[in-house]
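Structural overview for review
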Amino acid sequence: VSAPDALADPRATLRARLAAHRRPPLADVLRRRGLGSYRGYGEVLAALDALADRGAAVAVAGRSSRGEPVFALRLGEAPGRFVRTSVVVSAVHPMEWIGLETCLSLLHRLAERPPAGRAVVVFPVLNPDGVLRVEANLRAGARRFVRHNARGVDLNRNFDAAWDQKSVLQALFPRLYCAGEHPASEPEVAAITRELAPLRVDRAISLHSFGGAVLYPRASSRRPIADREEHRAHARHIARAADPRPYRVTACSWLVPGFTATGLELDWFHERHGALSLLVECSRGGASLHPSRLAEPFAWYNPPHVDRVASRLAAAIEPFVRGDPSVTLNPSEEPAGTSPA
Ligand SMILES: [Zn+2]
């Protein structure tokens, strides 16, 4: 944390940014276009402020490249070197708003009944500059695809996990999957890395979209991890609870056959912290064959029924975040479509 942030009151910082980003409800704009009642960035900050009123502690983990605070909310025990800690992160990729809404729904549940014997540290918006850019596009009616931070880096290729081993996709599409100049070169990734460095992180979950899948390490290689079965037990439990049609469960590197990816938070939580680490591709998106939705990138990633999807997903991941023991399934209970990874 830089000196000005360390000295400033994080709650005052939150309120100042809330005032700066206050706009009319974004849902009024989106509903007319069938895009669902998603909240704009100012409304998200208002939700965080309301959570702080209900006992969540607010911290500023760092600043984005445009100077927006990267907020962290803490619930349950105070985090420390000896306290088991769950981490939740969303809006790493700036268009994946159903992940952010799922995160807010989860925070609501955790504030209702604070976790016992464990700290939960939540980064609802790791990429504030990207989210603000997506919101500006939506309000202007501009149909743009946005994946990066303000410096053109894919934050989920910038973590220190096999960072220097470029995958085939990264070699083919160097700008789309731009990994930055070095691991944690981006201030947003540096912020979460630094915030978690002194903590005992043993569970982590990152909320993306779309595709209806619960992924576990590795992303960087098809080599299985030693604690694969424990990961799979948690992933299967979430996959079954997430949707009436269970999500797919697979190692990240098996999601698209033949393609691996490096620098992901999923691998970093597992390698650096030794955590049980999951990545949820929330929902199956909102695309349809209707031309207005096909031409709208926001609809690819985000289903129109926000509350129904987000509240069900939040309930599905809540036991994992609270540190509940895994539910071991016998193989006959395996959801259909599960990969053999
Ligand atoms: Zn993503």
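Residues numbered from 1 in each chain as written. Predicted model: local features only at pLDDT ≥ 70, side-chain atom pairs only at ≥ 80, totals over all residues. Heavy atoms only, no water.

**Overview of the sheet that holds strand E4 (residues 119-123)**
As a reminder of what qualifies: When DSSP finds at least two bridges between two strands, those strands are taken to pair. Here a strand is any run of E in DSSP of at least two residues, a helix any run of H or I of at least four, and the numbering for each starts at the N terminus. For every element, the axis is a line fit to its C-alpha atoms; helices are fit only across the contacting stretch, and the angle between N-to-C directions ranges from 0 to 180 degrees. Working rule for contacts: check all heavy atoms of both residues, and any pair within 4.5 Å makes them a contact.
Strand order in this open sheet of 8 strands is E1-E2-E4-E3-E5-E8-E6-E7, and the pairing throughout is mixed. Two strands close off the open sheet at either side, each with one partner strand: strand E1 (57-63) and strand E7 (248-251). Neighbour to neighbour, the strand axes of the sheet diverge by 20° on average, direction disregarded. Two strands pair when backbone bridges link them, and E1 and strand E2 (residues 69-76) are joined in this way by 6 bridges, in the antiparallel orientation. Among the inter-strand pairings, Gly-62 is bridged to a residue of E2, identified as Val-70. With respect to the sheet, helix H10 (residues 265-273) is in contact with strand E3 (84-90), strand E5 (200-208), strand E6 (213-216) and strand E8 (276-281), its orientation differing from that of E8 by roughly 170°.

**Some words on the environment of Asn-137**
Structurally, the position occupied by Asn-137 is in helix H6 (residues 128-140). Distance from Asn-137 to Gly-286, taken between C-alpha atoms, is 18 Å for residues 149 residues apart in sequence. Those residues within four positions of Asn-137 in sequence are excluded, and the remaining contacts are Ala-142, Arg-144 and Val-146.

**Section: the packing of helix H9 (residues 228-242) against helix H13 (residues 306-322)**
For the record, the criterion: For this classification, under 35 degrees means roughly parallel, over 145 means roughly antiparallel, 65 to 115 means roughly perpendicular, and everything else is oblique. Here is the rule for handedness: rotate from the far helix to the near one, and if that takes an anticlockwise turn smaller than a right angle the crossing is left-handed, while a clockwise turn gives right-handed. Three classes are used: nonpolar for Ala, Val, Leu, Ile, Met, Phe, Trp, Tyr, Cys and Pro, charged for Asp, Glu, Lys and Arg, and polar for all others, with Gly counted as polar.
For the pair H9 and H13, the least separation of the axes is 8 Å and the interaxial angle reads 155°. The angle between H9 and H13 falls in the class roughly antiparallel. In the packing of H9 onto H13, the handedness of the crossing is right-handed. Listed contacts from H13 to His-234, His-237, Ile-238, Ala-241 and Ala-242 of H9 are Arg-312, Leu-313, Ala-316, Ile-317, Pro-319 and Phe-320. Considered class by class, the residues forming the contact of H9 with H13 number 8 nonpolar, 2 polar and 1 charged.

**Quick look at the pairing of E8**
For clarity, the cut-off: The rule is simple: take the accessible area with a 1.4 Å probe, protein chains only, and divide by the maximum for that residue type; under 20% is buried, over 50% is exposed, in between is partly exposed.
Within E8, 6 of the 6 residues are buried, which leaves the element mostly enclosed by the surrounding structure. Burial of E8 is two-sided: the residues Leu-276, Leu-278 and Val-280 facing one way and the residues Ser-277, Leu-279 and Glu-281 facing the other way are all buried. Summarising the sheet, E5 and E8 pair through 6 bridges and their orientation is parallel. The partner of Ala-204 across the bridge, within E8, is Ser-277. When E6 meets E8, the two strands line up antiparallel, connected through 3 bridges. Residue Val-214 lies in a different strand from E8, and its bridge partner there is Val-280.

**Focus: helix H2 (residues 10-20)**
Applicable threshold: The arc under discussion is defined with respect to the helix axis, by the directions toward the C-beta atoms. We define a polar contact as two N or O atoms separated by no more than 3.5 Å, with the added condition that, inside protein, one atom must be a possible hydrogen donor and the other a possible acceptor, whereas residues neighbouring each other in sequence contribute only through side-chain atom pairs.
By the burial criterion, the buried members of H2 are Arg-11, Thr-13, Leu-14 and Leu-18. Take H2 and look down its axis: the buried residues cluster within an arc of 160°, on one side only. On its buried face, H2 is in contact with helix H4 (41-53), E1 and E2. N-cap assignment for H2: the residue whose side-chain oxygen lies 3.1 Å from the backbone N of Arg-11 is Asp-9.

**Here we look at the pairing of E1**
Of all 7 residues making up E1, 5 are buried, and the element is well covered by its neighbours. The antiparallel pairing of E1 with E2 creates a hairpin that spans 5 residues between the two strands, and Gly-67 there sits at a positive phi of about 90°.

**Here we look at the environment of Val-201**
Its location among the elements puts Val-201 in strand E5. Val-201 sits in the buried class, given a relative accessible area of 3%. In sequence terms Val-201 and Trp-254 are 53 residues apart; their C-alpha atoms lie 25 Å from each other. Dropping the residues within four chain positions of it, Val-201 is found in contact with Thr-85, Val-87, Leu-196, His-273 and Ala-275.

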